[in-house]
Amino acid sequence: PRSDCIAAEQLCLSDSTCNATYRILENCALAKTRFLPLDHDSRVRCLNAELDLGNSSLLHCKCHRRMKRQEHCLRVFWTVHSSTTDGYFNLETSPYENPANEEHWKTDYNKLAALLSGKDCSQLAGDATNPCLKATHVCNLSKKCVRLRTDYASVCTKGAGSEDMCDRRKCHRGLRNFFEKVPEDFTKRILFCPCQDELCGERRRKTIVPDCSFQYNTKPNCLWLLDSCLEDHICKSRLADFQQSCQPADTSPDGCSQHNHAACLQAYMGMIGTPMTPNYVSNSSVEVSLWCTCESSGNQKEKCDQILGMFESNKCL
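In this text the structure is predicted, and so the values were computed from the model without any measurement. (Residues numbered from 1 in each chain as written. Predicted model: local features only at pLDDT ≥ 70, side-chain atom pairs only at ≥ 80, totals over all residues. Heavy atoms only, no water.)

**Describing the packing of aromatic side chains**
Part 1 of the argument: Applying the stated criterion across every chain yields a total of seven aromatic pairs.
Part 2 of the argument: Judged by centre distance (5.0 Å) and plane angle (90°), the ring pair of Phe-77 and Trp-78 falls under edge-to-face.
Part 3 of the argument: Residue class for Trp-78 comes out buried when judged on its relative accessible area of 3%.
Part 4 of the argument: Put simply, the rings of Tyr-152, Phe-178 and Phe-179 touch in pairs and so form one group of aromatic residues.
Part 5 of the argument: If you follow Arg-168 out to its NZ or CZ, it ends over the ring of Tyr-216, 3.9 Å from the centre.
Part 6 of the argument: Over the face of the ring belonging to Trp-291 we find Lys-219, whose NZ or CZ atom lies 5.0 Å from the ring centre. (Phe/Tyr/Trp six-rings, centres within 6.5 Å; stacked < 30°, edge-to-face > 60°. Buried < 20%, exposed > 50% of the residue type's maximum accessible area, 1.4 Å probe, protein only. Lys NZ or Arg CZ within 6 Å of the ring centre and 35° of its normal.)

Pasting the structure below:
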């Protein structure tokens, strides 16, 4: 069975040969993280070290989205796979275990929704026309959902609209906690609620408190956003997962090369709370985008457009 990367690392460190190889790879990964150019000999040494791992459990280990010490696990994964991170379109190996292999909670969403519909309807005016409001009311009946939603909302709204006041890093951490720890029955319904009017669309767009989590005072270049992401193990991992799960394909009925639209939506949710947090662009459509621009990209404009296009014109997503 495929091991998680923390267990695989411990196994490797207890073996002197594997330990020595792993230390070489750690130096290679560190150079990549700091964008230090490697000379020819160093590149060869890094590639050879990766090959030396052969069939070791380190080379085939994975991480879980909801595991403890997730960042440590992801750091180990990217240490071993540092040669596959030369650029955005080489991030095709997701460090995450296939969602089908992960444990899914039995949630009580339907039970709570039924309980909600039995309540006095005058309390819940607008539920019928505003699915986003209904999804929020159901969340409020779940202790975990309402606690984690309140946690990120309070951090993200503190000084929202003023970059000096809003702690974007804490806001992102709160959002990741919500989307990782609350069952998907709740999170998907809150984020992807089907709206018929702009009032509902406004609520959906503001789910992630965009003034703090999404928008800057001015739009940065998308390449800068990508660089910020690649320096962060969680963001880089979520991006690799998104790229793998949301790879578009014209020939597929659902537009996804993996033929798994649900996995793409899950990977999209994983991007929320990272430096490359996406969001809805307006109250009246389901189009999403990153908060960035490709103006002034010089000779890298094509690469910049591809990054933006993964969100703006992705048939799978």
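After presenting the structure, the write-up continues.
**Some remarks on the state of the cysteines**
Part 1 of the argument: Inspection of every chain in the model, using the stated rule, returns 14 disulfides.
Part 2 of the argument: Through a disulfide, Cys-12 is tied to Cys-18; the S-S separation comes to 2.1 Å. Linking Cys-12 and Cys-18, the disulfide has an S-S dihedral of approximately -105° and is accordingly described as left-handed. Both residues of the pair, Cys-12 and Cys-18, count as buried.
Part 3 of the argument: Each sulfur of the disulfide joining Cys-132 and Cys-193 lies 1.9 Å from the other. Between Cys-132 and Cys-193, the disulfide has an S-S torsion of 90° and is therefore right-handed. One end of the pair, Cys-132, is in helix H6 (residues 131-140); the other, Cys-193, is in the loop between helix H9 (184-191) and helix H10 (198-205), and 61 residues separate them in sequence.
Part 4 of the argument: Overall, the relative accessible area of 2% leaves Cys-132 in the buried class. (Disulfide = S-S within 2.5 Å. Helix = DSSP H or I, 4+ residues; strand = E, 2+ residues; numbered from the N terminus.)

**Examining the confidence of the model for the protein chain**
Should pLDDT be low for a region, the predicted coordinates there are not to be read in detail.
Part 1 of the argument: In this model, the protein chain carries a mean pLDDT of 83, and residues with pLDDT of at least 70 account for 85%.
Part 2 of the argument: Note that pLDDT drops below 50 for residues 120-125; the model gives that stretch four contacts with residues more than four away or on any other chain. (pLDDT = per-residue confidence, 0-100. Contact = heavy atoms within 4.5 Å.)

**Side note on the packing of helix H12 (residues 222-230) against helix H13 (residues 233-245)**
Part 1 of the argument: Across the interface, H12 lies against H13 with an axial gap of 6 Å and an inter-helix angle of 110°. Considering the angle they form, H12 stands roughly perpendicular to H13. Facing Leu-226, Cys-229 and Leu-230 of H12, the residues of H13 in contact are Cys-235, Lys-236 and Leu-239.
Part 2 of the argument: Its residues assigned to classes, the contact of H12 with H13 shows five nonpolar, no polar and one charged. (Axes fitted to C-alpha atoms, helices over the stretch in contact; angles between N-to-C directions. Parallel < 35°, antiparallel > 145°, perpendicular 65-115°, else oblique. Nonpolar A, V, L, I, M, F, W, Y, C, P; charged D, E, K, R; others polar.)

**Considering the environment of Cys-222**
Part 1 of the argument: On the secondary structure map, Cys-222 appears in helix H12.
Part 2 of the argument: On the basis of relative accessible area, Cys-222 is assigned to the buried category, the value being 0%.
Part 3 of the argument: Spatially, the C-alpha atoms of Cys-222 and Cys-294 are 6.1 Å apart, while their sequence positions differ by 72 residues.
Part 4 of the argument: The contacts of Cys-222, once residues within four sequence positions are left out, are Cys-292, Thr-293, Cys-294, Cys-304, Ile-307 and Leu-308.

**Here we look at helix H7 (residues 143-157)**
Part 1 of the argument: The first and last C-alpha atoms of H7 sit 21 Å apart over 15 residues, in line with the 21 Å expected at 1.5 Å per residue.
Part 2 of the argument: Among all positions of H7, only Cys-145, Leu-148, Tyr-152 and Cys-156 are buried. End-on, the buried residues of H7 take up no more than an arc of 85°, which puts them together on one face.
Part 3 of the argument: In this structure, the buried side of H7 is in contact with H6, helix H8 (168-181), H9 and helix H11 (210-213). (Expected span 1.5 Å × (residues − 1). Arc of directions from axis to C-beta.)

**Focus on the packing of H9 against helix H14 (residues 261-271)**
Part 1 of the argument: Where H9 contacts H14, the axes come no closer than 12 Å and their chain directions differ by 80°. By the angle between their directions, the pair H9 and H14 is classed as roughly perpendicular. Contact residues: Glu-184, Thr-187, Lys-188 and Leu-191 in H9; Ala-262, Leu-265, Gln-266, Tyr-268 and Met-269 in H14.
Part 2 of the argument: Residues that form the contact of H9 with H14 fall into these classes: five nonpolar, two polar and two charged.

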